Amino acid sequence: MAAEVSFYTGVSDRLHFATRLLRKAYGSGAQVLVLGPASLLSRLDAALWTQEPTDFVPHLLLKGGVDEGLLRATPIVLAERQDAAPHCRTVLNLGADFMADVAALDRVLEVLSSEPEQVQAGRRRYKAYREMGLDIKHHEVNA
């Protein structure tokens, strides 16, 4: 079964939107790998720690080696590389690159602002996923 790809475009605050998606994913029992550059992941880590106690999402920011048991037990993993958490079947991509290795995934979530570089990178990723024959859904957020 091929991964389902969902694009969320026109997002005014990507970090806030990502925290909402992660709360929803955590509530559904999904294990999610969040990919992106280190600086963005650090800001997302801080945002996830500052949620209301009832909205807390257990997560792990990977900066180096980590105990395999802890990694597998943590529902949300923030990392710069896709191979950092191979057990996660859902990926939230906040990076500029498309997911080249989607064979083992159930879902790929792409969150894009309306900034020109985000739009251009998103179009490249959309085209690459379409060429892979993946099921792509588009959600215009404008918020």
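Residues numbered from 1 in each chain as written. Predicted model: local features only at pLDDT ≥ 70, side-chain atom pairs only at ≥ 80, totals over all residues. Heavy atoms only, no water.

## With respect to the overall build of the protein chain
So, point 1. Scanning the protein chain from N- to C-terminus turns up four helices and seven strands.
So, point 2. The linear arrangement of helices and strands in the protein chain, starting from the amino end, is β-α-β-α-β-α-β-β-β-α-β.
So, point 3. Relative to the 2.2 N^0.38 estimate, which gives 15 Å for 143 residues, the radius of gyration of the protein chain is 14 Å and therefore close to what a compact globule would have.
So, point 4. The buried share of the protein chain, taken over its 143 residues, is 47%.
So, point 5. A separation of at least 24 residues holds for 66% of the contacts in the protein chain among residues at least 6 apart in sequence.
So, point 6. Accessible surface, the protein chain as shown: approximately 7,700 Å² in total, 51% of it carbon and sulfur.
So, point 7. Counting 16 positive and 18 negative side-chain charges, the protein chain places the centres of these two groups 4 Å from one another. (Helix = DSSP H or I, 4+ residues; strand = E, 2+ residues; numbered from the N terminus. Rg over C-alpha atoms; globule rule 2.2 N^0.38 Å. Buried < 20%, exposed > 50% of the residue type's maximum accessible area, 1.4 Å probe, protein only. Contact = heavy atoms within 4.5 Å. Areas by Shrake-Rupley, 256 points an atom, 1.4 Å probe, with all protein chains shown as cover. Lys, Arg positive; Asp, Glu negative; His and termini not counted. Charge placed at Lys NZ, Arg CZ, Asp CG, Glu CD.)

## Describing the packing of helix α1 (residues 14-28) against helix α2 (residues 38-49)
So, point 1. Two elements in contact, α1 and α2, have axes whose closest approach is 10 Å; the angle formed by their N-to-C orientations is 60°. Between α1 and α2, the angle is such that the two are oblique. α1 and α2 meet at a crossing whose hand is right-handed. Across from Arg14, Leu15, Ala18, Thr19 and Leu22 in α1, the residues of α2 making contact are Leu40, Arg43, Leu44, Ala47 and Leu48. (Axes fitted to C-alpha atoms, helices over the stretch in contact; angles between N-to-C directions. Parallel < 35°, antiparallel > 145°, perpendicular 65-115°, else oblique. Left-handed = near helix turned anticlockwise from the far one by under 90°.)

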